[in-house]
Structures are given as C-alpha cells and as structure tokens.
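A closer look at the structure
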Amino acid sequence: MIENYYRIKLLNAVILFCSNTKRCNTTKLLKLLSFLDFTHFKETGYPSIGLQYFAWKRGPVPKDFYEEIRNGNVPEDFSNRIVAIPQSWGDEFDDVREFVYTTKKGTKADTSIFTPRELKIIYRLSDIYRDATASQMSEITHLHNSPWNTTVKEKGINQPIDYILCIDDESPITPEEARDRLSEHIEMLQNFKISH
C-alpha cells in the first residue's frame, strides 16, 4: 500500500529512472535518487523525495530504501510495477550481488506527482547517466567537495549527509535560505504528520 505523497514520488522516480536508463541496477538507482534529491535541494532548498542519505563506502545511500530493495527485493507497494532481475557485472563491485530494476510491461510513471523542475532534473539525469555504469557514477559521487566527500572528511564513513552540503557557489540560494526552507519543510511534515 502506498503510504504517502513522498512514497508515491519515490515509486514514480524509480519508474522513470528504470524506464529511461540502461542497466539500472541497485547501485545506479540509489545514486540517481541521491542526484535527484541533492540537485533539487541545491536549486530550491527543498529535497524532491526527501530520503535520508548516508555516506557509505561507495557513495551516498538512502539506507532505509536500500534495506527495502536489498538482495533484489521489491517493496510490496512497488511489486505490481517494478521487477528485479539478478545480474552479474564481472569486475563492477565483485563483492556485491546486483539486480537490475525494470518496469513491468505497460507500466507508466505518473508524472503529475512532480513539479516541472523535478521532471526536468529527472530527465536530465536520465540523459546524462543513461549508459553510465554504477562504478562510473561512484567516481562522480566521490568528487572533492561533494556532499559525500565532505561528510566523510568531517564526520567519517556511514554518517548522515546534511542536505545543506549541496549548496555551493552555483546555487541560486544561500546556505541560510536553504536552512530556513529545510526547517520550514520539516515543520510542515511534522504539522501534517507526513512521514518520509
């Protein structure tokens, strides 16, 4: 059963990424979701889906969602639209068994759940990373001054990544504006008892 607005957005983001990229395995999917949330936050001060990311060894990981899809599991509320197919990728993270996520025949995303900005980000990310492998995407998440890199340097591995770390010189908002917007966002979620 779909729990809430953010859960519906997560499902539809997964459908769009699976439909518009090649070899969308677990690692690639998680990286695309982090790019969506971090890019949207960088531009607006609000996360798109609002998952909590942690600085794991290979990059930012939304731990709770990872636990749901670990080992090729498909959450019950996603199971009529998404399927996981076991894959062997040779030298691409030999110690991790990967699954490619794909949509079931006839599945279409509900794009009305997203703002035009969110859709633009999703389609841009899909275009950029259509053919990219998970290991290539890991290199990008590990760049100097990325939210993952800063978290690892300042707090250590496996620590939560603060969305504020997405704000840089290219952001149209200041860190102060982003903090205010994020606080308002969290307060609104609490007031309306909306969970991520």
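Worth saying up front: this structure is predicted, and the values here are computed from it rather than measured.

1. Quick notes on the packing of helix 1 (residues 5-20) against helix 4 (residues 116-129)
Running from N to C, helix 1 and helix 4 point in directions that differ by 35°, and their axes come no closer than 9 Å. Crossing handedness for the pair helix 1 and helix 4: right-handed. Here Lys9, Leu16, Phe17 and Asn20 of helix 1 come into contact with helix 4, specifically with Glu118, Leu119, Ile122, Tyr123, Leu125 and Ser126. Residue composition of the contact of helix 1 with helix 4, by class: 6 nonpolar, 2 polar and 2 charged.

2. Points about the nonpolar core
Val14, Phe17, Leu29, Leu33 and Phe65 are the most contacted members of the largest nonpolar core, which totals 48 residues. Setting aside anything within four residues of it in sequence, one finds leucine 33 in contact with Leu10, Ala13, Val14, Phe17, Ile49, Leu51, Tyr53 and Phe65.

3. Things to note about the side chain of threonine 103
Within the secondary structure, threonine 103 sits in strand 4 (residues 98-103). Setting aside residues up to four positions removed in sequence, threonine 103 forms contacts with Ile15, Cys18, Ser19, Arg81 and Ile82.

4. So, the pattern of salt bridges
When the charged atoms of two side chains lie near each other, side chains of opposite charge can form a pair. Per the stated rule, a full pass over the model turns up 10 salt bridges. Between glutamate 68 and arginine 7 there is a salt bridge; the shortest N-O distance is 2.7 Å. Of this pair, glutamate 68 sits in helix 3 (residues 63-69) while arginine 7 sits in helix 1, and the two are 61 residues apart along the sequence. Linking lysine 9 and glutamate 118 is a salt bridge whose minimum nitrogen-to-oxygen distance equals 2.5 Å. In this pair, lysine 9 is assigned in helix 1 and glutamate 118 in helix 4, connecting sequence segments 109 residues apart. Given the relative accessible area of 2%, glutamate 118 is considered buried.

5. What to know about unusual backbone geometry
Generally, phi is negative for residues other than glycine and the peptide bonds are trans, each holding for most cases. Phi angles above zero are rare outside glycine, and arginine 23 is one such case at about 50°. Along the chain, arginine 23 turns up in the loop between helix 1 and helix 2 (26-44). The exposure class of arginine 23 is partly exposed, given its relative accessible area of 39%. Residues other than glycine seldom take positive phi values, yet asparagine 158 does so here, at roughly 70°. Residue position: asparagine 158 is located in the loop between helix 6 (147-154) and helix 7 (175-191).

6. Some details on helix 6
An α-helical segment advances 3.6 residues per turn. Residues three or four places apart therefore align on the same side. Restricting attention to buried positions, one finds in helix 6 the residues Pro147, Trp148, Asn149, Thr150 and Thr151. Looking at the packing, one finds that the buried side of helix 6 touches helix 2, strand 1 (53-56), strand 2 (59-62) and helix 5 (134-141). The positive-phi residue at the C-terminal boundary of helix 6 is glycine 156, with phi of around 110°.

Cut-off values and rules
- Residues numbered from 1 in each chain as written.
- Predicted model: local features only at pLDDT ≥ 70, side-chain atom pairs only at ≥ 80, totals over all residues.
- Heavy atoms only, no water.
- Axes fitted to C-alpha atoms, helices over the stretch in contact; angles between N-to-C directions.
- Helix = DSSP H or I, 4+ residues; strand = E, 2+ residues; numbered from the N terminus.
- Left-handed = near helix turned anticlockwise from the far one by under 90°.
- Contact = heavy atoms within 4.5 Å.
- Nonpolar A, V, L, I, M, F, W, Y, C, P; charged D, E, K, R; others polar.
- Core = buried A, V, L, I, M, F, W, Y, C linked by side-chain atoms within 4.5 Å.
- Buried < 20%, exposed > 50% of the residue type's maximum accessible area, 1.4 Å probe, protein only.
- Salt bridge = Lys/Arg side-chain N within 4 Å of Asp/Glu carboxyl O.

Function cannot be inferred from these measures alone, as they are strictly geometric.
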